[in-house]
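Residue-level structural notes
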Amino acid sequence: MYSSFQKTQAAVLNGELSCREVVEYFLRNIEQKKHLNIFLEVYQQEALERAEAIDQKIADGTQGRLAGMVLGIKDVLCYQGHPLQAASQILNGFEAQFTATAVQRLLDEDVIIIGRQNCDEFAMGSSNENSSFGPTLNPVDETKVPGGSSGASAAAVAVGLCHASLGSDTGGSVRQPASFCGVVGLKPTYSRISRWGLIAYASSFDTIGILSHTVEEAALLLEVMAGQDEFDSTVSQREVPAYAQKLSLERPLKVGYIKETIESEGIDSEVKQKTLDRIEFLKQAGHEVKEVTFPLLEYVLPTYYILTTAEASTNLERYDGVKFGYRTPEATDLETMYKRTRSEGFGAEVQRRIMLGTFVLSASYYDAYFTKAQKVRRLIAEQTKALFKELDFLILPTAPTPPFEIGKYGEENLIEYYLADLFTVQASVSGIPAISIPNGTSETGLPIGLQIMANAFNEDKLLAFAKYLL
Ligand SMILES: NC(=O)C[C@H](N)C(=O)O
C-alpha cells in the first residue's frame, strides 16, 4: 500500500487496488495506532460505503480528481450530519448543520473523509495538550507533543492514518505541527480559501491549511479548495491558478533570511544549524541569498496575542448554553446558566484567552492595547511585504525547537509555551502564505522544519520552491 496519494491514485485507476482496499488499509492503521489519540471519531462504515461508490465511478470513468484520496479533518470543520466539537466540552452534543465550503469542494472531487481529528480546544495551543479529549502523542517519539493546534492532523499524516489532513492555521497551527511531525504544512494567503464552515477563533487571521507528505498533494488540495464563495464575502476574487501544474521555478532565486530569527535567544542549536545548512545549500546552488533585518520581530508575538484574544472573546460569546451544545444542568436562573455553562464547558486556556481578550477590549484599555496592536499589525504587514520588493522568498525555522516533552509547560511558564509560535506568527499577522517542509532531524531523531514565506497570493512560487528544497 502507498502512503502517497499520487501512487495510490495511479493504482486505483489502473485497477491494481480498489478504493475500498485503500480505506481498509487506513482503518487498520487507525486501529493499531489508537493509543496516540489522533482521531476523535472514525467514520468507518460511511468511508467504506463511499469508497465502494467511488470504485463504481472509476469503473464508469466518471470519477473526480481526488478519487483514491483518504482525508482526515480537524475537529473545527463542519461536515453535515457529523458531530463537531473543536475538542471542547462546550460543544458536546453539537452536530454540523452544513458542510464547510472547502470540505464540500473536496467531496465533490471524490475525496473520502475518514474521521475527525483531535486538536487544542478551539485551536488555542501549540501542543495538542489543551484538548478536552486529552493530548495526542507524537508518533516519532511518544513522550513528545505533536505540536498544535492541528497536532493530531499532522500526526495522522506522519504515521499513515490518511493521505492528508485539513487543519486550520491562525498563528502557526498547521506549520508548527508539520515541523514537529516531519510532514509538509501549508498555510495559504488569508482569504484564499473560504472560511465558511470553519469554527471561528480569530477571524482576521484564520485560514484553512493542509498537512500532507508531498508538496504536490498540498498544491492539488489548495487548487480544489481555493476561490470565491458566495457564503464568505472575505474570500479573494482572484483567479485560482492551476497550482498542481505549476511546480517548476525560474532560477536563480532571490532568497532572504531574517537575522533576528537566526540570532534569537530561544533558538535550539540544532534548529539553527539546519537552517544555516539550507542557506549554505542555496548559496552553493547559485541563488542570491541575502541577510535581512526585521527589527519588529519582537513585537509580532504580543501583537498576535492581543488581537487574536480580542477576536476570540467576541467569537466565543455565542457559546452560551442556549444555541449550541452543552448547557449546565445546575442553573436556576439565566445568569447562573450562562456563567456555569461557560465555566464548566470551556477549558482553562480558552477561559484565559477570553478573559485576556475581554480585558484588551474593555473601555479603559481599548486604546492602550487593542488600537495600538492594530497599528503595530499594520506596520508588521507593511514591512514584511516590503521585503518582497527585492526578494522572492524568506526562509526561517518553523519553530525555535524540535518537539518538546508532553507536560513540559505548566501555568507558570506560559510565555515560554507561547514562544513556540515565535516564527510562525509573522506570516499570520501579515496575511501572507507560508509553508513548513521537513528539514532533517535532530541527533536524537526528532523532526525539524524549515519555513518558507512568500508575498500574498504567491502560492504557486511558494509551492514550487518548497518542492525544489524537499
Ligand atoms: N491556532 C494557532 O494557529 C495556534 C497558536 N499556537 C495559537 O494558540 O493561537
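Everything below is about the structure printed above this text.
These remarks concern the structure in this document. Here the structure is a predicted model, which means the values were calculated and not measured. (Residues numbered from 1 in each chain as written. Predicted model: local features only at pLDDT ≥ 70, side-chain atom pairs only at ≥ 80, totals over all residues. Heavy atoms only, no water.)

1. Some details on the nonpolar core
Counting 119 residues, the largest nonpolar core has Phe122, Leu166, Ile452, Leu463 and Phe465 as its most contacted members. For this core, the element with the highest residue contribution is helix α10 (residues 297-315), accounting for 9 residues. Core analysis: the next-biggest nonpolar cluster, separate from the first, contains 35 residues, Leu36, Ile54, Leu137 and Leu211 among them. (Core = buried A, V, L, I, M, F, W, Y, C linked by side-chain atoms within 4.5 Å. Buried < 20%, exposed > 50% of the residue type's maximum accessible area, 1.4 Å probe, protein only. Helix = DSSP H or I, 4+ residues; strand = E, 2+ residues; numbered from the N terminus.)

2. Thoughts on helix α3 (residues 44-60)
Given 3.6 residues per helical turn, the α-helix brings residues three or four places apart onto the same face. Between its terminal C-alpha atoms α3 stretches 25 Å, which fits the 24 Å expected from 17 residues at 1.5 Å a residue. Of the residues making up α3, those classed as buried are Ala47, Leu48, Ala51, Ile54 and Ile58. The arc that holds every buried residue of α3, seen down its axis, measures 125°, which confines them to one face. Exposed side of α3, more than 90 degrees from the buried face: Gln45, Ala59 and Asp60 are the residues found there. Buried positions along α3 lie against α1 (5-13), α2 (19-32) and β3 (112-117). (Expected span 1.5 Å × (residues − 1). Arc of directions from axis to C-beta. Contact = heavy atoms within 4.5 Å.)

3. A word on the packing of helix α12 (residues 348-361) against helix α13 (residues 366-387)
Across the interface, α12 lies against α13 with an axial gap of 7 Å and an inter-helix angle of 105°. On the basis of the axis angle, α12 is roughly perpendicular to α13. Together, Phe359, Val360 and Leu361 of α12 and Tyr366, Tyr369 and Phe370 of α13 make up the contact between the two elements. Residues of the contact of α12 with α13, tallied by class, amount to 6 nonpolar, no polar and no charged. (Axes fitted to C-alpha atoms, helices over the stretch in contact; angles between N-to-C directions. Parallel < 35°, antiparallel > 145°, perpendicular 65-115°, else oblique. Nonpolar A, V, L, I, M, F, W, Y, C, P; charged D, E, K, R; others polar.)

4. Observations concerning the pairing of strand β9 (residues 393-397)
Burial of β9 is extensive: 5 of the 5 residues sit out of reach of the surface. Sheet analysis places strand β7 (residues 254-258) next to β9, joined by 3 bridges and oriented parallel. Bridging across to β9, Gly256 finds its partner in Leu394. Here 4 bridges tie β9 to strand β11 (residues 447-453), and the two strands are oriented antiparallel to one another. Looking at β11, one finds that Leu394 is bridged to Met453. (Pairing = 2+ DSSP bridges.)

5. Overview of the pattern of salt bridges
Using the criterion set out here, one finds 22 salt bridges in the structure. Arg116 serves as the salt-bridge partner of Asp75, at 3.0 Å between the closest nitrogen and oxygen. Taken together, the residues Asp75 in the loop between β2 (70-74) and α4 (101-108) and Arg116 in strand β3 connect sequence positions 41 residues apart. Neither residue differs from the other here; Asp75 and Arg116 are each classed as buried. Notably, a salt bridge pairs Glu335 with Lys339, separated by 3.3 Å at the nearest N-O pair. Taken as a pair, Glu335 and Lys339 lie in helix α11 (residues 334-345) at a separation of 4 residues, close to a single helical turn. The exposed category is assigned to Lys339, whose relative accessible area is 53%. Salt bridges sharing common partners tie together Glu349, Arg352, Arg353 and Glu411. (Salt bridge = Lys/Arg side-chain N within 4 Å of Asp/Glu carboxyl O.)

6. Focus: the site of the ligand
Not every one of the 14 residues close to the ligand is listed here, only the nearest: Ala123, Gly171, Ser173, Tyr304 and Asp421. In this structure, Ala123 approaches the ligand through a main-chain N or O atom, which is 2.7 Å from a nitrogen atom. Contact between the ligand and Gly125: an oxygen atom at 2.9 Å from a main-chain N or O atom of the residue. Within the complex, the protein chains bury 100% of what would otherwise be the 270 Å² of accessible surface of the ligand. Given that more than half its atoms are within 2 Å of the pocket grid, the ligand belongs to the largest cavity. In the shell around the ligand, the residues fall into 5 nonpolar, 7 polar and 2 charged. (Near = heavy atom within 4 Å. Polar contact = N/O pair within 3.5 Å; in protein donor to acceptor, adjacent residues only side chain to side chain. Areas by Shrake-Rupley, 256 points an atom, 1.4 Å probe, with all protein chains shown as cover. 1 Å grid on protein atoms, 1.4 Å probe; cavity = no way out; pocket = protein on both sides within 12 Å on 5 of 7 lines; lining within 4 Å. Sits in = over half its atoms within 2 Å of the grid points.)

7. Observations regarding a nonpolar patch on the surface
Together, Leu356, Phe359, Tyr365 and Tyr369 make up an exposed nonpolar region whose accessible area comes to about 350 Å². With respect to the secondary-structure elements, Tyr365 resides in the loop between α12 and α13. (Patch = residues over 30% accessible without salt bridge, like charges linked within 9 Å, V, L, I, M, F, W, Y side chains within 5 Å.)

8. Re the state of the cysteines
Tallied over the entire structure, the rule returns 0 disulfides. Cysteine Cys78 shares no disulfide, and the gap to the nearest cysteine sulfur, in Cys119, comes to 13 Å. (Disulfide = S-S within 2.5 Å.)

9. Some words on the packing of α10 against α13
As a packed pair, α10 and α13 sit with axes 9 Å apart at the nearest point and diverge in direction by 125°. Classified by the interaxial angle, the pair formed by α10 and α13 is oblique. Along this stretch, α10 crosses α13, giving a crossing that reads as left-handed. Seen from α10, the contacting residues are Tyr299, Val300, Thr303, Ile306, Leu307, Ala310 and Glu311; seen from α13, they are Tyr369, Phe370, Ala373, Gln374, Val376, Arg377 and Ile380. In terms of residue class, the contact of α10 with α13 is built from 10 nonpolar, 2 polar and 2 charged. (Left-handed = near helix turned anticlockwise from the far one by under 90°.)

10. So, empty space enclosed by the protein
Evaluated as defined, the whole model comprises 2 cavities of 30 Å³ or more. Empty space within the largest cavity amounts to approximately 70 Å³. Residue lining of the largest cavity: 13 residues in total, with Ala123, Gly125, Ser173, Tyr304 and Asp421 positioned closest to the centre. Class assignment for the residues of the lining of the largest cavity results in 5 nonpolar, 6 polar and 2 charged. Here the second largest cavity is characterised by a volume of approximately 30 Å³. Lining the second largest cavity are Tyr43, Ile73, Leu77, Tyr79, His82, Pro83, Leu84 and Arg116. Partitioned by chemical class, the residues of the lining of the second largest cavity number 6 nonpolar, 1 polar and 1 charged. (Points joined across faces, edges and corners; volume = space filled by probe spheres on them.)

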